[in-house]
Amino acid sequence: EFINLLEKVYETGESTFSYEIPMQFFKEGKMQLRYYNFVYQAQKNLKDEITGVAVIANEVTSQALLNLAVKASEERFRMLSDLMPAKIICTNGSGDIYYHNKNWLDFAGMTLAEIKLDGFYKLMHPDELDEYQSRFSEAAATGNNLEMEMRFMNRTSEYIWHLTLATPVRDSTGKIFMWIGVTTEIQKIKEEERLKDNFIALASHELRTPLTSIKGFCQVLELMLVEKGDKGTQAIVVRMSRQIEKLGMLIVDLLDFKKIKTGILPYYEDWFDFNELVTETVADSQTAISSHQIELQLEPGEPVFGDKQRFAQVVANLISNAIKYSPNETRIMVTTTRQKQGMQLSVADFGIGISAPSLQKVFEEFYRISTPLQSTFPGLGIGLYISSEIIKRFKGRLWVESTADHGSVFFVQIPFDKRGVVEKGEFGESVDSILLLDDQP
Ligand code: ADP
């Protein structure tokens, strides 16, 4: 190789460089391996004729050994990443992909270059693309992790469900210089989930029919006992009816759950008076219970737009949770305030509260806090999930602030401007201005 190089430089006069070249030397009585950077430079006489080649060697053994170690380590991690069942990508701080593990390439049937170009976005299901992009921008702005269930197209053009978790990595100044995306296939879980949802829907549907008959018989029985003047038995039947009512509500929740999951929960949207609806719902809840006193504080507000029955369902759910989870207290406080962005409702109890790790999770489907105290309360863990899905339809927010053992405050905020500008003012005035602005009732 040396001779070839020397001849080439000698003939062309062009300098050549070679880096970290291993060379064996017999030194200090034994063969030793050293690494050199070389420069081969043509030597010329005054007539500009090449007369020889200068070879300048610079020993870089420690640097070369370090580079070899880095390379070996990179190789090991690449192998590790390729053998993992998850699909992995790395991007720079702005989201440009520079690494995919082998699983991605095998799954997508694309080359790294194709994926890098725009292939990654082409693999996403069109229904989830916008959400992914807006959630990625949000994660980049806040520096939070992104977690999303989404579909990617495999090499046979089938969409397969995955869970994607993108985590930002920061440099010493706090700037995000890299994102690591780990995507795990969850198709089987999704299919099982669908079967479970179908079962729930079927079971709750079947339960509803006999329950409606029992409810009817109870009412007839109660009337008969009133006529007979049998107050003792009548009181038992009234209590029975209440339990049936509760069972009915659970079944409705289960049916709503299924409808939300399949995106077919019907919404009948219109303008409604926020405070009036809260007042009515509080009154209904109060008639059904004697264990707690619901205190109501209203701030004059404005109408909001959405499905009023569904909103009443959310309020009733928050109140019934407040009652359920404060068994040793008697006060519940329901407050409405007029905020800049919209109308706000808060439902406060002074009961068992929620500890910090569960604060976000209570809105997930079937999530129930599993501490010994919490698990003594009956429930399915879907009420808050349904509520949060309904509030999402309002483009509003539902959140909780709570301290364990001191009670919880659930907040709902419904924006004013879902359908455009709403004039400030009293309820009646606003309705007029809305009709004018929208040009149709
Ligand atoms: P359920 O009450 O039927 O279990 P929810 O979806 O309404 O289901 O609530 C989910 C979980 O959140 C409950 O199981 C409970 O652990 C917790 N939770 C809800 N509301 C409260 C509250 N006001 N105080 C304390 N914990 C609550």
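Predicted model, so just to flag it, every value in this text is computed and none were measured.

Visitor: Help me understand the overall build of the chain, please; the structure alone is not making it clear to me.
Guide: Of regular secondary structure, the chain possesses eleven helices and 15 strands. In terms of C-alpha radius of gyration, the chain reaches 35 Å, well past the compact-globule figure of 22 Å for 441 residues. The principal-axis extent of the C-alpha atoms belonging to the chain is close to 130 × 50 × 45 Å. A burial count over the chain gives 38% of its 441 residues as buried. A fraction of 55% describes how many contacts in the chain between residues 6 or more apart in sequence connect residues 24 or more apart. For the chain, the accessible surface area stands at approximately 26700 Å², while carbon and sulfur atoms represent 57% of it. Positive and negative charge centroids in the chain, built from 47 and 61 side chains respectively, lie 4 Å apart.

Visitor: Looking at this structure, how should I read the packing of helix H7 (residues 231–261) against helix H10 (residues 383–393)?
Guide: Two quantities define a packed helix pair, namely the angle between the helix axes and the distance between the axes. Contact geometry for H7 and H10: axes closest at 10 Å, N-to-C directions at 45°. The orientation of H7 with respect to H10, classified from their angle, is oblique. Helix-helix and strand crossings are classified by hand; for H7 and H10 the assignment is left-handed. Note on element contacts: H10 touches H7 through Gly383, Tyr385, Ile386 and Glu389, opposite Asp253, Asp256, Phe257, Ile260 and Lys261. Along the lines of polarity and charge, the residues of the contact of H7 with H10 split into four nonpolar, one polar and four charged.

Visitor: For this particular structure, what's the right way to read unusual backbone geometry?
Guide: Backbone phi values are negative for most residues with the exception of glycine, while trans is the configuration of most peptide bonds. Positive phi values are uncommon outside glycine, yet Phe366 reaches one of about 60°. Counting through the fold element by element, Phe366 comes out in the loop between strand S13 (342–349) and H10. One non-glycine residue, Lys395, adopts positive backbone phi at about 60°. With respect to the helices and strands, Lys395 occurs in the loop between H10 and strand S14 (397–403). By relative accessible area, Lys395 is classed as exposed at 64%.

Visitor: Before we go on, may I ask you to explain the sheet that holds strand S3 (residues 50–59) in this structure?
Guide: Pairing between the strands of a sheet comes from backbone hydrogen bonds, and it takes one of two forms, parallel or antiparallel. Ordered by their spatial adjacency, three strands build an open sheet running S1-S2-S3, and the pairing between neighbours is antiparallel. Looking along the sheet, the strands with just one partner apiece sit at the ends: strand S1 (16–27) and S3. Strand-to-strand twist in this sheet, taken as the mean axis angle between neighbours without regard to direction, amounts to 40°. Bridge analysis of strand S2 (residues 30–44) against S3 gives nine bridges, and the strand direction is antiparallel.

Visitor: So what exactly am I meant to see when it comes to the nonpolar core here?
Guide: What tends to happen in soluble globular proteins is that the nonpolar side chains get buried as a cluster. One finds Phe311, Leu318, Val334, Leu345 and Val412 to be the most contacted residues of the largest nonpolar core, which totals 44 residues. Going through the elements one at a time, H7, helix H8 (274–288), helix H9 (308–324), strand S12 (331–338), S13, H10, S14 and strand S15 (407–415) are the ones with two or more residues in this core. In terms of residues, this core owes the most to one element, H9, which gives eight residues. In contact with Leu345, other than residues within four places in its own chain, are Phe274, Val278, Val315, Leu318, Val334, Thr335, Thr336, Phe410, Phe411 and Val412. Of all hydrophobic cores here, the second largest spans 20 residues; its members include Trp104, Ile115, Leu123 and Phe136.

Visitor: For this particular structure, what's the right way to read the side chain of Lys87?
Guide: When you line up the elements, Lys87 lands in strand S4 (residues 87–92). It turns out Lys87 is buried and unbridged, and the closest side chain with the opposite charge, Glu185, is 4.3 Å from it. Here His162 takes part through its side chain, which lies 2.9 Å from a polar atom of the side chain of Lys87. Residues contacting Lys87, with those up to four places away along its chain left out, are Asn101, Asn103, Trp104, Phe107, His162, Gly181, Val182, Thr183 and Glu185.

Visitor: Would you explain the packing of aromatic side chains in this entry?
Guide: The geometry of an aromatic ring pair comes down to the distance between the two centres and the angle between the two planes. This model, assessed by the stated rule, comprises 23 aromatic pairs. A cation sits over an aromatic face here: Lys190 above Trp161, 4.5 Å from the ring centre. Cation over ring: Arg397 sits above Trp399, and NZ or CZ is 4.0 Å from the ring centre.

Visitor: I'm lost on a nonpolar patch on the surface in this one. Help?
Guide: Side chains of Val220, Leu221, Met224 and Met240 sit close together on the surface and give an oily, nonpolar patch of about 350 Å² of accessible area. Of all the elements, helix H6 (residues 187–228) adds the most residues to the nonpolar patch, at three residues. Along the chain, Val220 falls in helix H6.

Visitor: Would you mind showing me how to read the site of the ligand here?
Guide: Near the ligand there are 19 residues, and of these Asn321, Tyr325, Arg368, Gln374 and Leu384 occur at the shortest range. Between Gly383 and the ligand, the recorded distance is 3.2 Å, taken from a backbone N or O atom to an oxygen atom. Contact between the ligand and Leu384: an oxygen atom at 2.8 Å from a main-chain N or O atom of the residue. For the shell around the ligand, the elements supplying multiple residues, two or more each, are H9, H10 and S15.

Definitions and limits used
- Residues numbered from 1 in each chain as written.
- Predicted model: local features only at pLDDT ≥ 70, side-chain atom pairs only at ≥ 80, totals over all residues.
- Heavy atoms only, no water.
- Helix = DSSP H or I, 4+ residues; strand = E, 2+ residues; numbered from the N terminus.
- Rg over C-alpha atoms; globule rule 2.2 N^0.38 Å.
- Buried < 20%, exposed > 50% of the residue type's maximum accessible area, 1.4 Å probe, protein only.
- Contact = heavy atoms within 4.5 Å.
- Areas by Shrake-Rupley, 256 points an atom, 1.4 Å probe, with all protein chains shown as cover.
- Lys, Arg positive; Asp, Glu negative; His and termini not counted.
- Charge placed at Lys NZ, Arg CZ, Asp CG, Glu CD.
- Axes fitted to C-alpha atoms, helices over the stretch in contact; angles between N-to-C directions.
- Parallel < 35°, antiparallel > 145°, perpendicular 65-115°, else oblique.
- Left-handed = near helix turned anticlockwise from the far one by under 90°.
- Nonpolar A, V, L, I, M, F, W, Y, C, P; charged D, E, K, R; others polar.
- Pairing = 2+ DSSP bridges.
- Core = buried A, V, L, I, M, F, W, Y, C linked by side-chain atoms within 4.5 Å.
- Salt bridge = Lys/Arg side-chain N within 4 Å of Asp/Glu carboxyl O.
- Polar contact = N/O pair within 3.5 Å; in protein donor to acceptor, adjacent residues only side chain to side chain.
- Phe/Tyr/Trp six-rings, centres within 6.5 Å; stacked < 30°, edge-to-face > 60°.
- Lys NZ or Arg CZ within 6 Å of the ring centre and 35° of its normal.
- Patch = residues over 30% accessible without salt bridge, like charges linked within 9 Å, V, L, I, M, F, W, Y side chains within 5 Å.
- Near = heavy atom within 4 Å.

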